[in-house]
Amino acid sequence: MKRYEQFPHTADIGVRAYGSSLKELFANAAFAMFDIIADLEGLSGSVSENIELEAPNKEELLVAWLDELLYIFYTKSFIFFEFNIEDLTDTGIKAKVTGRPVGANRNRLKTEIKAATYHNLKIEKTDKGYQVEIIFDI
Amino acid sequence: MTIWQGQLEKIDEYRWRIPKSYKAGMRVDGIIYADERMIKDIGADKAPEQVANVAFLPGIVKYSLAMPDIHWGYGFPIGGVAATDIETGGVISPGGVGFDISCGLRLVKTNLKQQNINSKLKDLVYALHNNVPAGVGSKGEIKISAKEERKLLVEGSKWVVEHGYGRTEDLECTEESGAVKGADPDAVSDRAYERGKNQSGTLGSGNHFLEVQVIDEIYDEPICEAFGLEKGQITLMIHSGSRGLGYQVCDEYSKDFIKCLSKYNINVPDRQLACAPVNSEEGKKYLGAMRCAANYAWANRQCLMHLARLVFEKVFHMGPKDLGMDLIYDVAHNIAKVEKYDIDGKERTLCVHRKGATRAFPPGHPELPARYKKTGQPVIIPGDMGRNSYLLVGTEKAKETFYSTCHGAGRMLSRSAAIRACRGRSISRELESKGIIVMSSGRETLAEEAPEAYKDVNEVVGVVHGAGISKRVCRMRPLGVIKG
């Protein structure tokens, strides 16, 4: 299954993420975001963070999850590419994410994403699992 | 390709109405400024639907407006203007300001002429690129303590000028003198401080830029003379915003304001339009935080201008006096402002959201500094890196748009479509053949920002000038561009 694809949005970036389960959908949406931020090919993980978040529903939880990862990227300078989601409900997520410090990889950075937005955000159930369209402000 | 199939009624040569009957829940009509040709492009994305959605905001006055550079945003369209009546429960929406709070433009004049810089243009562009931090993850030189950072958020440009980044005269030529009152550093979270740390004096990435330009067309001689501008003169334009601090403020308040929708019984068709009454506890707190981010942005552009001035001095071996790099003006285009208007014979205090729209005060407006009282407020409109940029002034007629006008060319192609269109081409070589030197930090920035990704700024400005909501003063052409 394709992890994600970009769809055209005039000013910003639109991402359609897929997942056979909700956990996979959350992992793939995060992967899509970092794939846009940096060239991830060939990187192996050396740093990890544990993340635990709550939100009123699964859409807001998805934005909270992406924004938390962005926050760590900007404040600790880590690029993440492995997302191990240990526990996920409609209102909570527990995950261990693994990546690499920006450090010597600065020339891998491509795009500054400011935030994930709530614009028309809806997680949909499909016959293959789940999908969601997210607009990132860049 | 037309995507939007809704109702659009022609009002006159430059205005189109989306009647409030279009969608249940709209409180006012939507009005889009465009000419016959441009309105076709405007229907090609979902921007008109967003104009209709903004008309749902409680307390919205008169209409939900869109400027001719309108395009699809998130929540509000980019190029949207909405004013709400504060005293009758009007709301404020963090999404109506956007993530890059107080993103804006700054125009600086010089005493240089094009013939003075031709042989040094490359040196100048390289030196600006080396000395002005740009690109994703870049850090600035200014490192300050948490206590001083709080002061900076209240004092804005003044704080950085007092610390050596510029001159006192710069403040007079900045919207709100570079510090809007009512900034509340306690309303800014520790996380926002953390994300904005070390980013003062950095350009950012994407469409943010620093541009060396030459004035190539004069439209209004007397105003140009008053501003000290003439044909062939070199100018510097800076486009940047509030960096990580502003993004984090918007992020957190957008999240919190979703709760306000049920608390205040507000119905909006998109979560990104989440809002709260300006006079509520939440509204006041957001306004206090937004103003901190706005002040941070003015301080940031002040630092960027200072760094650029030093580069000019070094490259041309000239002192500040001979270079004459005076600030013409600095104005934001993502911001909410509290302003007073006469609405149907009564003075009302409104919260004017400008999301990708520029304030354009007319001659005589009490908030203008003495030097611009006669001319009206300078309005800075950047185009794409291959065509033109404009200097305009505000007009009395712009009262109909709450003294607002366009903010740029407006995107036409998505970033991925622009990259596809540029595959196999060298944008920098194409521009160099037109006499424009470009440098960027991001690998795909030049393709994403290719001239053809944008509407023609000449057409956009043609509409706002034709509609009378601002007036052309002069036009600039790019010579050297540094992109983030």
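Everything below is about the structure printed above this text.
Each value, and the rule that gives it
Residues numbered from 1 in each chain as written. Chains lettered and ligands numbered in written order. Predicted model: local features only at pLDDT ≥ 70, side-chain atom pairs only at ≥ 80, totals over all residues. Heavy atoms only, no water. Patch = residues over 30% accessible without salt bridge, like charges linked within 9 Å, V, L, I, M, F, W, Y side chains within 5 Å. Areas by Shrake-Rupley, 256 points an atom, 1.4 Å probe, with all protein chains shown as cover. Salt bridge = Lys/Arg side-chain N within 4 Å of Asp/Glu carboxyl O. Lys, Arg positive; Asp, Glu negative; His and termini not counted. Charge placed at Lys NZ, Arg CZ, Asp CG, Glu CD. Helix = DSSP H or I, 4+ residues; strand = E, 2+ residues; numbered from the N terminus. Buried < 20%, exposed > 50% of the residue type's maximum accessible area, 1.4 Å probe, protein only. Pairing = 2+ DSSP bridges. Axes fitted to C-alpha atoms, helices over the stretch in contact; angles between N-to-C directions. Contact = heavy atoms within 4.5 Å. Expected span 1.5 Å × (residues − 1). Left-handed = near helix turned anticlockwise from the far one by under 90°. Nonpolar A, V, L, I, M, F, W, Y, C, P; charged D, E, K, R; others polar. Phe/Tyr/Trp six-rings, centres within 6.5 Å; stacked < 30°, edge-to-face > 60°. 1 Å grid on protein atoms, 1.4 Å probe; cavity = no way out; pocket = protein on both sides within 12 Å on 5 of 7 lines; lining within 4 Å. Points joined across faces, edges and corners; volume = space filled by probe spheres on them. Buried area = accessible area lost by both parts, 1.4 Å probe. Polar contact = N/O pair within 3.5 Å; in protein donor to acceptor, adjacent residues only side chain to side chain.

Here we look at a negative patch on the surface
Residues and elements named next belong to chain A.
Then comes step 1: Residues E52, E54, E86 and D87 make up a contiguous surface patch of negative charge.
Then comes step 2: Broken down by secondary-structure element, the contributors of at least two residues to the negative patch are strand 3 (47-54) and strand 4 (78-88).
Then comes step 3: Assignment of secondary structure puts E52 in strand 3.
Then comes step 4: Here E52 falls in the exposed class, since its relative accessible area comes to 61%.

Details of the sheet that holds strand 12 (residues 334-343) of chain B
Residues and elements named next belong to chain B.
Then comes step 1: Spatial ordering of the open sheet is given by 1-2-3-4-5-13-12, a layout of 7 strands whose pairing is mixed. The two strands at the open ends of the sheet, each matched to only one other strand, are strand 1 (9-12) and strand 12. Neighbour-to-neighbour, the strand axes of the sheet open up by a mean angle of 35 degrees, direction not taken into account.
Then comes step 2: Bridge analysis of strand 5 (residues 76-85) against strand 13 (residues 346-355) gives 6 bridges, and the strand direction is antiparallel. Each bridged residue has a counterpart across the sheet, and for D85 the counterpart in strand 13 is L350.

Here's the deal with the sheet that holds strand 5 (residues 92-101) of chain A
Residues and elements named next belong to chain A.
Then comes step 1: Overall, antiparallel pairing links the 3 strands, which are arranged 3-5-4 in an open sheet. In the strand order of this sheet, the two ends are held by strand 3 and strand 4, each with one partner. With strand direction ignored, the average angle separating the axes of adjacent strands in the sheet is 25 degrees.
Then comes step 2: In the packing of helix 1 (residues 22-37) onto the sheet, the strands contacted are strand 4 and strand 5, and the crossing angle to strand 4 comes to about 170 degrees.
Then comes step 3: Here helix 2 (residues 58-76) sits on the sheet in contact with strand 3, strand 4 and strand 5, set at roughly 145 degrees to strand 3.

Considerations on helix 1 of chain A
Then comes step 1: Helix length check: helix 1 of chain A (16 residues) gives 23 Å between terminal C-alpha atoms against 22 Å at 1.5 Å per residue, within 8%.
Then comes step 2: For helix 1 of chain A, the buried fraction is high: 13 of the 16 residues fall into the buried class.

Notes on the packing of helix 1 of chain A against helix 2 of chain A
Residues and elements named next belong to chain A.
Then comes step 1: Running from N to C, helix 1 and helix 2 cross one another at 40 degrees; their axes reach a closest spacing of 11 Å. Note that helix 1 runs across helix 2; the crossing there is right-handed. Where helix 1 approaches helix 2, its residues L22, F26, A29, A30, M33, F34 and I37 are matched on the opposing element by K58, L61, L62, W65, L66, L69, L70 and F73.
Then comes step 2: Looking at side-chain class alone, the contact of helix 1 with helix 2 contains 14 nonpolar, no polar and 1 charged residues.

Details of the packing of aromatic side chains
For any pair of aromatic rings, the description rests on two quantities: the centre-to-centre distance and the angle between the ring planes.
Then comes step 1: Following the criterion strictly, the structure yields 20 aromatic pairs over all chains and no others.
Then comes step 2: For the ring pair F78(A) and F80(A), a centre distance of 6.1 Å and an interplane angle of 85 degrees mean the geometry is edge-to-face. There is no split in this pair, since F78(A) and F80(A) are both buried.
Then comes step 3: For the ring pair Y329(B) and Y372(B), a centre distance of 5.8 Å and an interplane angle of 85 degrees mean the geometry is edge-to-face. Taken as a pair, Y329(B) in strand 11 (residues 327-332) and Y372(B) in the loop between strand 14 (358-359) and strand 15 (378-381) lie far apart in primary sequence, 43 residues in all.

Side note on the layout of surface pockets
Then comes step 1: A volume near 400 Å³ is recorded for the largest pocket.
Then comes step 2: What lines the largest pocket is a set of 21 residues, among which T10(A), I3(B), A44(B), D45(B) and M412(B) lie closest to the centre.
Then comes step 3: Secondary structure elements with two or more residues in the lining of the largest pocket: helix 1 (38-42) and strand 4 (63-74) of chain B.
Then comes step 4: In terms of residues, the lining of the largest pocket owes the most to one element, strand 4 of chain B, which gives 3 residues.
Then comes step 5: Class assignment of the residues belonging to the lining of the largest pocket gives a composition of 11 nonpolar, 4 polar and 6 charged.

Observations concerning the interface of chain A and chain B
Then comes step 1: Listed per partner, the contact involves 39 residues of chain A and 40 residues of chain B.
Then comes step 2: For the chain A and chain B pair, buried surface summed over both sides reaches about 3400 Å², with 50% attributable to carbon and sulfur atoms.
Then comes step 3: The tally of links from chain A across to chain B stands at 5 salt bridges.
Then comes step 4: Between E60(A) and R271(B) there is a salt bridge; the shortest N-O distance is 3.7 Å.
Then comes step 5: Taken together, the links from chain A to chain B amount to 16 residue pairs in polar contact (both at pLDDT 80 or more).
Then comes step 6: At the level of elements, strand 1 (4-7), helix 2, strand 6 (115-116) and strand 8 (129-137) of chain A are the ones that each hand at least two residues to the side of chain A that touches chain B.
Then comes step 7: Top element by residues in the side of chain A that touches chain B is helix 2 of chain A. It accounts for 9 residues.

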